[in-house]
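# Close look at the chain arrangement
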Amino acid sequence: MLNLVLFGPPGAGKGTQSERLIEKYQLVHISTGDLFRAHIKDQTNLGQQVSQIIADGNLVPDSITIAMLEEEIKKNPQAKGFIFDGFPRTVAQAEALDTFLASISEKITGVVALDVNEEELTQRIAKRQEISGRADDAADKLKKRIEEYFSKTIHVLPYYEAQGKLAKVNGIGEIETIFNDLTAIIDQY
Ligand code: AMP
């Protein structure tokens with residue numbers, strides 16, 4: 001299996017690049033943000049539990065997020081591999097993912113981090129909000145999300161670096177160029 005983590009702050013281009021990567025490598029895309037938004041839209045119990053947390057730009061508790069992710073992996077026993085987008089966002093999530101994958105005799109193949117500075121992120125998300133209307137893309141919520149990234153999520157990078165699994169790609173530039181940089185790394189796995 002090819003199990004990739006596409007890592008980066010909000011607005012780094014994870015969604016855009018994931019769409020292309022799943023097509024090229026025939027992987028199952030698991031975006032925890034998309035899954036939460038679907039639960040909120042469908043007004044499930046889980047959706048009701050997390051909607052305020054997400055609207056405020058906070059991270060959903062690890063226990064809820066990990067359980068949802070494991071369910072999603074189990075739903076796809078025939079998968080050639082997964083691309084994890086927006087997960088893991090804490091070291092506890094990264095550890096839980098490793099433990100779960102080990103339990104099904106799998107592991108993370110590699111982690112590719114999209115590098116984008118804070119100024120560019122803020123500009124991109126302001127544009128995205130005009131189109132998506134996502135409440136958590138509004139300026140004050142976005143500030144909180146970027147804070148969550150730099151206080152909690154960034155620590156996931158040394159976790160994977162210590163395992164020798166981390167590669168960084170410049171996330172600023174043409175979508176096609178960034179895609180080519182990503183595939184150059186993935187093709188070496
Ligand atoms: P995203 O679409 O990945 O930016 O996620 C949107 C929101 O969903 C985040 O701001 C968090 O509130 C929540 N979320 C998504 N993934 C996670 C995760 N792995 N851990 C905790 N919260 C998450």
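Heads up: the structure comes first, above all this text.
So, here is what we can say about the structure in this document. (Residues numbered from 1 in each chain as written. Predicted model: local features only at pLDDT ≥ 70, side-chain atom pairs only at ≥ 80, totals over all residues. Heavy atoms only, no water.)

## Looking at the site of the ligand
The immediate surroundings of the ligand are formed by 16 residues, with Thr-32, Arg-37, Asn-58, Gly-86 and Gln-93 found nearest. Thr-32 has a polar side-chain atom sitting 2.8 Å from a nitrogen atom of the ligand. In the model, an oxygen atom of the ligand is placed 3.3 Å from a nitrogen or oxygen of the Arg-145 side chain. Judged by its atoms lying within 2 Å of the grid points, the ligand is housed in the largest pocket. Of all the elements, helix 2 (residues 32-41) adds the most residues to the shell around the ligand, at 4 residues. Residue composition of the shell around the ligand, grouped by class: 5 nonpolar, 6 polar and 5 charged. (Near = heavy atom within 4 Å. Polar contact = N/O pair within 3.5 Å; in protein donor to acceptor, adjacent residues only side chain to side chain. 1 Å grid on protein atoms, 1.4 Å probe; cavity = no way out; pocket = protein on both sides within 12 Å on 5 of 7 lines; lining within 4 Å. Sits in = over half its atoms within 2 Å of the grid points. Helix = DSSP H or I, 4+ residues; strand = E, 2+ residues; numbered from the N terminus. Nonpolar A, V, L, I, M, F, W, Y, C, P; charged D, E, K, R; others polar.)

## Some points on the environment of Gln-123
By secondary structure assignment, the location of Gln-123 is in helix 6 (residues 118-132). On the basis of relative accessibility, which here comes to 47%, the residue Gln-123 falls in the partly exposed class. Along the chain, Gln-123 and Tyr-160 lie 37 residues apart, while their C-alpha atoms are 29 Å from each other. (Buried < 20%, exposed > 50% of the residue type's maximum accessible area, 1.4 Å probe, protein only.)

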